[in-house]
Amino acid sequence: MSYHPPHPKAPGLSVGIDEAMVADLVNRFYAKVRQDELLGPVFNSRIEDWDEHLAKLSAFWSSVVLMTGRYKGQPMPAHVAISEIGEDHFLRWLELFAETAKAVCPPDAAALFVDRSQRIAQSLQLGIAASKGIIA
């Protein structure tokens, strides 16, 4: 994997986020997700290579908070394709993510991760609803 430095204006830099923190948060969070009664079955039935998935998610979060451009995927189609995802899944995901961020990161870094997770969840929920014709 080639190195992608953080953008000088990345929001994560001013709150002490680095690649190691991103990876630690992602790894600890998804360890909880895999064990969760609600979320575990959704993820475990679809993900065959967890190491690859964790690397992809670390790249995603690196791109979000450090503006590295490491993530090249398209999260919307992946989430739209999972028919059983509902609001309860998003709420539980956000709850576990915030809990993990607060345990892993200094307060300002945790707050940034939580803010971005809420924005991303809202966007995904709107996209899923639009794809199902629930909203225009």
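Residues numbered from 1 in each chain as written. Predicted model: local features only at pLDDT ≥ 70, side-chain atom pairs only at ≥ 80, totals over all residues. Heavy atoms only, no water.

### Topic: the nonpolar core
Counting 40 residues, the largest nonpolar core has Ile17, Tyr30, Trp61, Trp93 and Phe113 as the members making the most contacts within it. The set of elements that each furnish at least two residues to this core consists of α1 (19-35), α2 (39-44), α3 (50-65), α5 (87-104) and α6 (107-131). Among all residues touching Tyr30, those that are not within four sequence positions of it are Phe43, Trp50, Leu54, Leu57 and Trp93. (Core = buried A, V, L, I, M, F, W, Y, C linked by side-chain atoms within 4.5 Å. Buried < 20%, exposed > 50% of the residue type's maximum accessible area, 1.4 Å probe, protein only. Helix = DSSP H or I, 4+ residues; strand = E, 2+ residues; numbered from the N terminus. Contact = heavy atoms within 4.5 Å.)

### Topic: the packing of α1 against α5
It is at 9 Å that the axes of α1 and α5 come closest, and there the two elements cross at 135 degrees. If you check the angle between α1 and α5, you find them oblique. Between α1 and α5 lies a crossing of right-handed hand. For the pair α1 and α5, the contacting residues are Asp24, Leu25, Arg28, Phe29, Tyr30, Lys32 and Val33 in the first and Trp93, Leu96, Phe97, Glu99, Thr100, Ala101 and Val104 in the second. Looking at side-chain class alone, the contact of α1 with α5 contains nine nonpolar, one polar and four charged residues. (Axes fitted to C-alpha atoms, helices over the stretch in contact; angles between N-to-C directions. Parallel < 35°, antiparallel > 145°, perpendicular 65-115°, else oblique. Left-handed = near helix turned anticlockwise from the far one by under 90°. Nonpolar A, V, L, I, M, F, W, Y, C, P; charged D, E, K, R; others polar.)

### A word on the environment of Gly133
With respect to the helices and strands, Gly133 occurs in the segment after α6. Look at Gly133 and you get exposed, because its relative accessible area is 58%. The spatial distance from the C-alpha of Gly133 to the C-alpha of Ser117 is 24 Å, given a sequence separation of 16 residues.

### Some details on α3
The first and last C-alpha atoms of α3 sit 22 Å apart over 16 residues, in line with the 22 Å expected at 1.5 Å per residue. Between a side-chain oxygen at the N-terminus of α3 and the backbone nitrogen of Asp51 the separation is 3.1 Å; the capping residue is Asp49. Directly after α3, the chain includes Met67, whose backbone phi takes a positive value near 55 degrees. (Expected span 1.5 Å × (residues − 1). Polar contact = N/O pair within 3.5 Å; in protein donor to acceptor, adjacent residues only side chain to side chain.)

### Observations regarding the confidence of the model for the protein chain
Parts of the model with low pLDDT should not have their predicted coordinates read in detail. Per-residue pLDDT for the protein chain averages 91, and the proportion of residues at 70 or more is 95%. Per-element confidence in the protein chain ranges from a low mean pLDDT of 73 for helix α4 (residues 75-80) to a high of 98 for α1. (pLDDT = per-residue confidence, 0-100.)

### What to know about α6
With 25 residues, α6 extends 36 Å between its outermost C-alpha atoms, agreeing within 8% with the 36 Å of an ideal straight helix rising 1.5 Å per residue. Of all the positions in α6, only Ala109, Ala110, Leu112, Phe113, Val114, Arg116, Ser117, Ala121, Leu124, Gly127, Ile128 and Ala129 are classed as buried. A positive backbone phi angle near 80 degrees is found at Gly133, which sits one or two residues after α6.

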